[in-house]
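Tertiary structure, described
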Amino acid sequence: MKEFDYVVKDELGIHARPAGLLAKEAKKYSSTCTITKNGVTKKLTQLMMIMSLGVKKGETVTIKADGADEDAAIEGLKAFFEANL
């Protein structure tokens, strides 16, 4: 399992548009990808679950990938967060 922490920089936090793009990015990988905020973990492939976390600007989330392509998944997701959130 690989993971990284990320402090959200987007003014609106993780809102509908980036959450949809994030779910689409996570679906590219066979690994199980999750997001955790304040001890609550949700699958990254489920848009409404990502939205239910209510992540705001300045909050820290932990992204994890566990599976055959976890290295590629973590690198791809890290690049996505840095470019979009």
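Right above here is the structure, for reference.
By convention here, each chain's residues receive numbers from 1 onward along its written sequence. Confidence filtering applies because this is a predicted model: local features only for residues at pLDDT of at least 70, side-chain atom pairs given and counted only at 80 or more, and all residues used for totals across whole chains, interfaces and linings. Excluding hydrogens and water, the side-chain values take into account all heavy atoms of the structure.

A word on the side chain of Thr62
With respect to the helices and strands, the residue Thr62 is situated in strand E4 (residues 60-66). Engagement of the side chain of Thr62 in a polar contact is seen with the side chain of Asp5, the distance being 2.6 Å. The contacts of Thr62, once residues within four sequence positions are left out, are Glu3, Phe4, Asp5, Thr34, Ile35 and Thr36. Runs of H or I in DSSP of at least four residues are treated as helices and runs of E of at least two as strands, each being numbered from the N terminus. Polar contact is defined as a pair of N or O atoms within 3.5 Å, subject to the rule that within protein one atom must be able to donate a hydrogen and the other to accept it, and that residues adjacent in sequence are counted only when both atoms are side-chain atoms. Residue contacts follow a heavy-atom distance rule, with two residues in contact if any of their heavy atoms lie within 4.5 Å.

As for the sheet that holds strand E3 (residues 40-43)
Here, any two strands with at least 2 DSSP bridges between them count as paired. One open sheet holds the four strands; their spatial order is E1-E4-E2-E3, and the pairing between them is antiparallel. The sheet is open, and its two borders are formed by strand E1 (2-7) and E3, each paired with just one other strand. Along the sheet, successive strands turn relative to each other by an average axial angle of 25 degrees, direction set aside. Across six bridges, E1 lies against E4 in antiparallel orientation. Its bridge partner being in E4, Phe4 is matched across the sheet by Ile63. Axis lines are fitted to C-alpha atoms, over the contacting stretch for helices. Their N-to-C directions set the angle, which ranges from 0 to 180 degrees.

Describing the packing of aromatic side chains
A pair of Phe, Tyr and Trp rings is counted when the ring centres sit within 6.5 Å of each other, with Trp represented by its six-membered ring. The angle between the planes then sorts it: under 30 degrees is stacked, over 60 is edge-to-face, the rest tilted. Going through the model one piece at a time under the given rule, you end up with three aromatic pairs. Their ring planes at 80 degrees and their centres at 6.0 Å tell us that Phe4 and Phe81 sit as a pair that is edge-to-face. Separated by 77 residues along the polypeptide, Phe4 in strand E1 and Phe81 in helix H3 (residues 70-84) bring together distant segments of the chain. Here the aromatic residues Phe4, Tyr6, Phe80 and Phe81 are joined through ring pairs into a cluster of three or more.

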